[in-house]
Amino acid sequence: MTYGNTTRFSLSLGLALLSCAALTGAAAALDAPATRAPGGQAQASAGAPPPPRPAIRQSLAQAAPAPSEKPAAAPLPSAPAPDAKPIPPAPVLPVAISQDPRPTLDASTFINTMRAAWQYKRLAEAGGWPVLPEGTILKAGDSGPLVSALRQRLAVEGDLPAPLAGGAVYDAEVTAAVKRFQARHGLSESGAVRAKTLEALNVPASTRHRQLTASAQRLAGSAFPFGERYVVVNIPSATVEAVEGGQVARRYVAVVGKADRASPAVETRITAVNLNPTWTVPVSLIRKDIIPHVRKDPAYLAKMKIRIFDGKGQEVDPQTLDWSTERAVNYTLRQDPGEINSLGQIRIDMPNKHAVYMHDTPKKRLFAQDVRFHSSGCVRVADVGSFV
């Protein structure tokens with residue numbers, strides 16, 4: 001089921017820019033009574049927990065009676081409680097992310113990035129900032145020379161006010177400063193310094209200058225039409241921002257492309273929202289994923305509810321293909337809608353040359369991870385039902 005072209009959005013993917021197109025009408029459709037086909041969004045929202053597992057009945061073996069005791073009479077079998085219901089598993093909650101209302105990308109980002117590049121150039125020329133030793137772990141209540149170095153480090157970039165740069169105690173001010181630093185770098189705002197935060201703290205100022213300069217050069221070529229409403233997919237932090245009136249109306253946890261299948265930067269329009277979609281497997285994934293899976297497990301396609309079609313649209317028996325070759329790329333492989341469909345219950349279309357889009361996913365547990373680079377290029381959005 002597809003809803004398209006009801007309202008226009010701009011979408012900037014990664015800092016890709018999305019120009020959105022068609023979410024309001026689809027949102028209204030999602031609120032309709034649950035009369036669609038099984039697996040449709042009206043029946044189960046994107047954030048709903050999976051169906052409860054069946055109850056497991058347990059039996060306790062009777063202990064053998066002691067010699068001086070009479071054997072106990074065997075207990076009468078008890079009838080199962082008619083109204084007993086299995087307890088559903090707790091839903092997997094997405095990781096906490098920044099609630100800063102300022103968009104990652106707006107009309108002023110290019111100028112601000114240029115200014116930041118210049119400021120970091122000056123910081124690098126002045127000697128940069130202190131580097132904490134590898135393996136450093138710090139948290140509230142700690143004290144000592146490492147905390148002193150951390151306070152100085154945070155003050156250089158302004159996360160900790162300059163008058164508070166002295167001292168050797170990890171107090172509330174340092175905790176708040178670490179959280180600000182983590183928010184700016186797309187890290188979990190724990191307020192403690194562990195591996196990922198330490199890694200970001202120790203990136204040299206000269207590297208930050210080069211990164212900002214490269215970002216400014218990319219932004220200089222953008223013609224993105226910032227409007228009243230648009231969407232930004234921040235690929236480095238794996239988040240999606242719905243922007244309205246110059247403020248982030250809501251920021252969503254996302255899963256983006258893995259290192260060897262990175263999500264591309266695109267500027268496009270969202271044109272349609274598809275409910276209960278099928279998934280047509282891209283040729284690249286047939287070659288990289290499907291063929292190796294079938295070679296290991298001939299029943300893989302049936303398990304994943306993936307069917308094969310020839311150029312005339314006729315279904316083909318997988319057993320008739322020679323899977324020792326790559327001839328499967330000449331066919332269309334399509335996964336049926338349903339609970340295990342790779343796109344989940346919603347696909348958000350946005351035409352682009354890379355054929356990437358945003359969508360739901362059955363693998364909700366990935367949204368609970370701090371590092372979320374697991375896709376083959378498309379963007380999986382947590383709680384996508386509320387997004388559309």
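Residues numbered from 1 in each chain as written. Predicted model: local features only at pLDDT ≥ 70, side-chain atom pairs only at ≥ 80, totals over all residues. Heavy atoms only, no water.

## Overview of the sheet that holds strand E10 (residues 306–309)
Taken in spatial order, the four strands make up an open sheet running E9-E12-E10-E11, and their pairing is antiparallel. Only two strands of the sheet have a single neighbouring strand rather than two, namely strand E9 (279–280) and strand E11 (315–316). (Pairing = 2+ DSSP bridges. Helix = DSSP H or I, 4+ residues; strand = E, 2+ residues; numbered from the N terminus.)

## Focus: the pairing of strand E13 (residues 346–349)
Of the two faces of E13, the one holding Ile-346 and Ile-348 and the one holding Arg-347 and Asp-349 are both buried throughout. Sheet analysis places strand E8 (residues 272–275) next to E13, joined by four bridges and oriented antiparallel. For Leu-275, the partnering residue across the bridge sits in E13 and is Ile-346. (Buried < 20%, exposed > 50% of the residue type's maximum accessible area, 1.4 Å probe, protein only.)

## Some remarks on a nonpolar patch on the surface
On the surface, Phe-110, Ile-111 and Met-114 cluster together into a nonpolar patch covering about 250 Å² of accessible area. As for its placement among the helices and strands, Phe-110 is situated in helix H2 (residues 109–125). (Patch = residues over 30% accessible without salt bridge, like charges linked within 9 Å, V, L, I, M, F, W, Y side chains within 5 Å. Areas by Shrake-Rupley, 256 points an atom, 1.4 Å probe, with all protein chains shown as cover. Salt bridge = Lys/Arg side-chain N within 4 Å of Asp/Glu carboxyl O.)

## A closer look at the nonpolar core
Where a protein is soluble and globular, its nonpolar side chains tend to be buried together. Counting residues in hydrophobic clusters, the biggest one holds 42 residues, and the most contacted among them are Val-240, Leu-301, Met-358 and Phe-387. It is helix H7 (residues 283–296) that contributes the most residues to this core, five residues altogether. Sequence-distant contacts of Leu-301, defined by excluding residues within four places in its chain, comprise Ile-290, Val-294, Ile-306, Ile-308, Pro-318, Trp-323 and Leu-333. Of all hydrophobic cores here, the second largest spans 16 residues; its members include Leu-132, Leu-150, Phe-181 and Val-193. (Core = buried A, V, L, I, M, F, W, Y, C linked by side-chain atoms within 4.5 Å. Contact = heavy atoms within 4.5 Å.)

## Notes on the environment of Gly-227
Inspection of the secondary structure puts Gly-227 in the loop between helix H6 (205–220) and strand E4 (229–234). On the accessibility criterion, Gly-227 (38% relative accessible area) is partly exposed.

## So, H7
Between the first and last C-alpha of H7 there are 19 Å, a value that for 14 residues agrees with the 20 Å anticipated at 1.5 Å per step. At Ile-290, H7 shows its maximal bend, which comes to roughly 35°, and the proline Pro-292 appears one to four places after that position. Along H7, the residues classified as buried are Leu-285, Ile-286, Ile-290, Ile-291 and Val-294. (Expected span 1.5 Å × (residues − 1). Bend = angle between axes of the 7 residues up to and from the residue.)

## Here's the deal with the packing of H2 against H6
Orientation of H2 relative to H6, taken along the N-to-C sense of each, is 160°, at an axis distance of 8 Å. Of the possible angle classes, the one that applies to H2 and H6 is roughly antiparallel. Helix-helix and strand crossings are classified by hand; for H2 and H6 the assignment is left-handed. Within the contact between the two elements, H2 uses Thr-109, Phe-110, Thr-113, Met-114, Ala-116, Ala-117, Tyr-120, Lys-121, Leu-123 and Ala-124 and H6 uses Ala-205, Ser-206, Arg-208, His-209, Leu-212, Thr-213, Ser-215, Ala-216, Leu-219 and Ala-220. Residues belonging to the contact of H2 with H6 are distributed by class as follows: twelve nonpolar, six polar and two charged. (Axes fitted to C-alpha atoms, helices over the stretch in contact; angles between N-to-C directions. Parallel < 35°, antiparallel > 145°, perpendicular 65-115°, else oblique. Left-handed = near helix turned anticlockwise from the far one by under 90°. Nonpolar A, V, L, I, M, F, W, Y, C, P; charged D, E, K, R; others polar.)

## Some details on the packing of aromatic side chains
How two aromatic rings sit relative to each other is given by the distance of their centres and the angle of their planes. This structure, assessed with the given rule, holds five aromatic pairs. Geometrically, the ring pair formed by Tyr-120 and Trp-129 is edge-to-face, given 6.1 Å between the ring centres and 85° between the ring planes. Pair check on accessibility: Tyr-120 and Trp-129 agree, each one buried. Between Phe-224 and Tyr-230, the ring centres sit 5.8 Å apart and the planes meet at 75°, which makes this aromatic pair edge-to-face. For the pair formed by Phe-224 and Tyr-230, the shared burial category is buried. In this structure, Arg-334 packs its charged tip against the face of Phe-309, placed 4.9 Å from the ring centre. (Phe/Tyr/Trp six-rings, centres within 6.5 Å; stacked < 30°, edge-to-face > 60°. Lys NZ or Arg CZ within 6 Å of the ring centre and 35° of its normal.)

## With respect to the confidence of the model for the protein chain
Of the residues in the protein chain, 77% reach a pLDDT of 70 or more, and the chain-wide mean stands at 83. The low-confidence segment residues 2–8, where pLDDT is below 50, has 30 contacts with residues more than four positions distant or belonging to other chains. (pLDDT = per-residue confidence, 0-100.)

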